[in-house]
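Spelled out, the chains give:
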Amino acid sequence: KQSLTDKADSCSVKITVPNPCKAGSNGLLENVVNLGNGTSRYEWKNTHLIDYYLISVAVARYVEYNVYANPVGSPAPVLIQNYIYDNPATLPNFQADINETADFMELFATLVGPYPFDDQKYGHCMAPLSGGMEHQTMTTQGYFEKSLTAHELGHMWFGDHVTCASWADIWVNEGFASYLDFLMIENLYPAEKDQYMLDVHTNVMSSLGGSVWVLDSLNETRIFSGRLTYDKGSSIIHTMRFMVNNDTQFFQALRNYQTIFADSVAKGLDVKAELEAVSGIDFTNMFNEWYFGEG
């Protein structure tokens, strides 16, 4: 049922795999049943609202590697459950990068609100992708690198907890996940932040024109434009942060947005409304020029 505005109230996944394999999915692993015939059944249950495109299964010969985070606002440590290719070189190669996921979660919880699924988990399943996909509580990634990991984790707040109400407003997913990547760089790798933003701006200005808001919401290539949705989308967030000129107010607006639209959907104008409510600034011209317009 491909309706962004009608999230499923839960999902249950049970998948039988050959015993050398594991199956990862959303929510909590409630049981692994050895069926006695060389196969086992993995039983996953997610009890949070979830949009249709965020449900996932990944199966491979995995090893499980777990770490824990202690984000602000969570009553207990949060499990970060990782299904990594069962190849002797893979986990050692990515282990330090995987471990950083806990630092990123703790940072984002401080800035934009508690991790939304802390009663379940966060995690990763490796799969042959060139990047990642923010499947709720169990991101699918082809590899581990700090910007990719931070971006996909950022989606748990912006994209999964609060989802775009229409593909025209994909900015509320991808622009903010991209900006959380920048916030990770700014706070944990400050020596890299200026070059990072310069590279983003250079890409945005490599072609003329284009709005962040998606006029043709049936055009998949345009919806997921790296230049406009991701880079220009994150750049205008940085501009609005500059306009607010008060980080306490700016991040309070993002936390309010997470609270008001929890487990639901939102449009770009909803972000505008929260920024205006907290800062007292009128962002109408800014949005007309930079979000809807091609400024």
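Whatever comes next refers back to the structure up there.
Positions within a chain are numbered from 1, following the residues in the order the chain's sequence is written. A pLDDT threshold of at least 70 governs which residues receive local features in this predicted model, and a stricter bar of 80 or more applies before side-chain atom pairs are shown or counted, although totals over entire chains, interfaces and linings include all residues. Note that water and hydrogens are dropped before the side-chain values are worked out from all heavy atoms of the structure.

Student: Residue-level account of the overall build of the chain, with values.
Tutor: On a plain count of helices and strands, the chain comes out with nine helices and twelve strands. In terms of overall size, the chain behaves like a compact globule, its C-alpha atoms giving a radius of gyration of 19 Å where 295 residues would be expected to give roughly 19 Å. Expressed as lengths along the three principal axes of its C-alpha atoms, the size of the chain is roughly 65 × 40 × 40 Å. We call a residue buried when its accessible area falls under 20% of the maximum for its residue type, exposed when it is over 50%, and partly exposed in between, using a 1.4 Å probe and counting protein chains only. Looking at the chain as a whole, 53% of its 295 residues qualify as buried. Comment: elements are numbered from the N terminus, with helices defined as DSSP H or I runs of at least four residues and strands as E runs of at least two. Throughout, the radius of gyration refers to the C-alpha atoms, and the reference size of a globule is 2.2 Å times the residue count to the power 0.38.

Student: Please set out the sheet that holds strand β9 (residues 132–133) residue by residue, giving values where relevant.
Tutor: Strand pairing is assigned whenever DSSP identifies at least 2 bridges connecting the two strands. Pairing is mixed in the open sheet, where five strands are placed in the order β6-β7-β8-β10-β9. This sheet does not close on itself; its edge strands, each paired only once, are β6 (62–69) and β9. Direction of pairing for strand β7 (residues 78–85) relative to strand β8 (residues 122–126): parallel, over a ladder of four bridges. Each residue of the ladder has a partner; that of I80, found in β8, is Y122. Residue contacts are counted whenever heavy atoms from the two residues lie within 4.5 Å of one another. Only C-alpha atoms enter the line fits that serve as axes; for helices the fit covers just the stretch in contact. Angles between N-to-C directions range over 0 to 180 degrees. Strands in contact with helix α2 (residues 146–154) are β8, β9 and β10 (139–141); relative to β10, the strand with the most contacts, it is inclined by about 155 degrees.

Student: Just give me the short version of helix α7 (residues 247–260), but keep the residues and values in it.
Tutor: Helix span is expected to be 1.5 Å times the residue number reduced by one. The terminal C-alpha atoms of α7 lie 20 Å apart, and with 14 residues this matches the ideal 20 Å at 1.5 Å per residue to within 8%. Those residues of α7 not exposed but buried are F250, F251, A253, L254, Y257 and Q258. The arc that holds the buried residues of α7, viewed along the axis, is 145 degrees, so those residues lie on one side. Turned more than 90 degrees away from the buried face of α7 sit T248, T259 and I260, all of them exposed. Residues of α7 that are buried sit in contact with α1 (90–112), β11 (162–164), α3 (171–188), α6 (226–244), β12 (264–266) and α8 (268–279). Polar contacts, as used here, are pairs of N or O atoms within 3.5 Å; protein pairs need one atom able to donate a hydrogen and one able to accept it. Residues neighboring in sequence count only if both atoms are side-chain atoms. The N-cap of α7, judged by a side-chain oxygen 3.0 Å from the amide nitrogen of T248 a few residues on, is N246. Our arc is simply the arc of the directions from the helix axis toward the C-beta atoms.

Student: An account of the side chain of N26 is requested, with residue identities and associated values reported.
Tutor: Here N26 lies in the loop between β2 (22–25) and β3 (28–34). Of note is the side chain of N26, whose polar atom sits 3.4 Å from the side chain of S25. At 3.1 Å, the side chain of N26 forms a polar contact with the backbone nitrogen of S56.

Student: How would you explain the packing of α3 against α6 if you had to name every residue and give the values?
Tutor: Contact pair α3 / α6: the axes reach a minimum separation of 8 Å and the direction vectors enclose 65 degrees. Between α3 and α6, the angle is such that the two are roughly perpendicular. Helix-helix and strand crossings are classified by hand; for α3 and α6 the assignment is right-handed. Where α3 approaches α6, its residues W171, E174, G175, F176, S178, Y179, F182, L183 and E186 are matched on the opposing element by T229, Y230, G233, S234, I236, I237, H238, M240 and R241. Residues are sorted three ways: Asp, Glu, Lys and Arg are charged, Ala, Val, Leu, Ile, Met, Phe, Trp, Tyr, Cys and Pro are nonpolar, and all the rest, Gly among them, are polar. Counted by class, the contact of α3 with α6 contains nine nonpolar, six polar and three charged residues. Roughly parallel means an angle under 35 degrees; roughly antiparallel means over 145; roughly perpendicular covers 65 to 115; every other angle is labelled oblique. Handedness of a crossing follows from how the near helix is turned relative to the far one, being left-handed for an anticlockwise turn of less than a right angle and right-handed for a clockwise one.

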